[in-house]
Amino acid sequence: MTALLLTLIIAANPTLETDKDVYKLGEPVAFTLTNRSNVNLSWSSISNYPTVWRQLENGKEELVRELPVVVLLAIGVLAPDESKQWEWDQRVYLQKHEEAPDPEALRVQTESGKYAAHFETFEHGTVSAETFRITDEPMDVRPRQKLATAWAKLKTGR
């Protein structure tokens, strides 16, 4: 009974997820916040999207996507069973540089490595996504068995 109750409580918490576990350099990373609880989930506009952190070998995290310098003060609300999505373009936003004439000059591609995302809510504190990886290694694009079989049939006309 206790295990079932614990499972229901965990399932009722909000989740932050990425659409994949591994991304190529420069590939957009999609985050989805889903409110699995039975009450509204809210946050301030200051934390209106997830922060992204590079996981260092010493176990610490380094901020790579920080919150915007200028925000409109408001409250974000997500009703039960609703989701909100964001996309990160994998670039670090160097907001501390004050004299760049071109906003694109403030953006730098992140490095390969392990990353984590966190989102601050009022009701549940920090909601974190599972670790994901950014890699500059070639992705495995070999056809899987079903695809290979379908391709073989197309080639032979059967």
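Everything numeric in this text was worked out from a predicted model, so none of it was measured. (Residues numbered from 1 in each chain as written. Predicted model: local features only at pLDDT ≥ 70, side-chain atom pairs only at ≥ 80, totals over all residues. Heavy atoms only, no water.)

Engineer: So what's going on with the overall build of the protein chain? Which residues, and what values?
Structural biologist: Of regular secondary structure, the protein chain possesses two helices and 13 strands. Of the roughly 11000 Å² of accessible surface on the protein chain, 56% is carried by carbon and sulfur atoms. (Helix = DSSP H or I, 4+ residues; strand = E, 2+ residues; numbered from the N terminus. Areas by Shrake-Rupley, 256 points an atom, 1.4 Å probe, with all protein chains shown as cover.)

Engineer: Residues and numbers for the sheet that holds strand β8 (residues 83–88), please.
Structural biologist: One open sheet holds the three strands; their spatial order is β1-β3-β8, and the pairing between them is antiparallel. In this open sheet, the two strands that pair with only one neighbour each are β1 (15–18) and β8. Pairs of neighbouring strands in the sheet enclose a mean axial angle of 20 degrees, with direction left out of account. (Pairing = 2+ DSSP bridges. Axes fitted to C-alpha atoms, helices over the stretch in contact; angles between N-to-C directions.)

Engineer: How would you summarise a nonpolar patch on the surface if you had to cite specific residues and measurements?
Structural biologist: Nonpolar side chains collect at one region of the surface, where Ile-75, Val-77 and Phe-122 lie side by side and expose about 320 Å² of accessible area between them. Positionally, Val-77 belongs in strand β7 (residues 75–78). Classification of Val-77 as partly exposed rests on a relative accessible area of 49%. (Patch = residues over 30% accessible without salt bridge, like charges linked within 9 Å, V, L, I, M, F, W, Y side chains within 5 Å. Salt bridge = Lys/Arg side-chain N within 4 Å of Asp/Glu carboxyl O. Buried < 20%, exposed > 50% of the residue type's maximum accessible area, 1.4 Å probe, protein only.)

Engineer: Pulling in residues and values, what's your account of the pairing of strand β11 (residues 113–121)?
Structural biologist: Pairing analysis gives four bridges linking strand β5 (residues 51–55) to β11, with the strands arranged antiparallel. Bridging across to β11, Arg-54 finds its partner in Tyr-115. Across four bridges, β11 lies against strand β12 (residues 125–128) in antiparallel orientation. Counterpart to His-118 in the pairing with β12 is Ser-128. The antiparallel pairing of β11 with β12 creates a hairpin that spans three residues between the two strands.

Engineer: Could you give me a rundown of the side chain of Ser-42, with the residues and numbers involved?
Structural biologist: By the element assignment, Ser-42 lies in strand β4 (residues 41–44). Side chain to side chain, Ser-42 and Glu-123 meet in a polar contact 2.6 Å long. Excluding anything up to four places from it in sequence, Ser-42 contacts Ile-75, Gly-76, Val-77, Thr-121, Phe-122 and Glu-123. (Polar contact = N/O pair within 3.5 Å; in protein donor to acceptor, adjacent residues only side chain to side chain. Contact = heavy atoms within 4.5 Å.)

Engineer: For the nonpolar core, give the residues involved together with the corresponding values.
Structural biologist: With 21 residues, the main nonpolar core has Leu-16, Phe-31, Leu-33, Trp-88 and Phe-132 as its most contacted residues. Only β3 (29–34), β4, β8, β11 and β13 (132–135) provide two or more residues apiece to this core. (Core = buried A, V, L, I, M, F, W, Y, C linked by side-chain atoms within 4.5 Å.)

Engineer: Break down the pattern of salt bridges for me, citing the residues and quoting the values.
Structural biologist: A full pass over the atoms with the stated rule returns three salt bridges. In this structure, the salt-bridge partner of Arg-36 is Glu-17, at a minimum N-O distance of 3.9 Å. With a gap of 19 residues between them, Arg-36 in the loop between β3 and β4 and Glu-17 in strand β1 connect regions that are remote in the sequence. Glu-17 sits in the partly exposed class, given a relative accessible area of 39%.

Engineer: Quick rundown of the packing of aromatic side chains? Include the residues and the values.
Structural biologist: Here the structure, examined in full by the defined rule, presents six aromatic pairs. Ring geometry for Tyr-23 and Phe-132: centres 5.7 Å apart, planes at 85 degrees, overall edge-to-face. Pair noted here: Tyr-23 is in strand β2 (residues 22–24) and Phe-132 is in strand β13, with a separation of 109 residues, a long-range link. Neither residue differs from the other here; Tyr-23 and Phe-132 are each classed as buried. Judged by centre distance (5.9 Å) and plane angle (20 degrees), the rings of Tyr-115 and Phe-132 are stacked. You can see Tyr-115 sitting in strand β11 and its partner Phe-132 sitting in strand β13, a full 17 residues away along the chain. Here Tyr-115 falls in the buried class, since its relative accessible area comes to 0%. Note on Phe-132: relative accessible area 1%, which makes it buried. (Phe/Tyr/Trp six-rings, centres within 6.5 Å; stacked < 30°, edge-to-face > 60°.)

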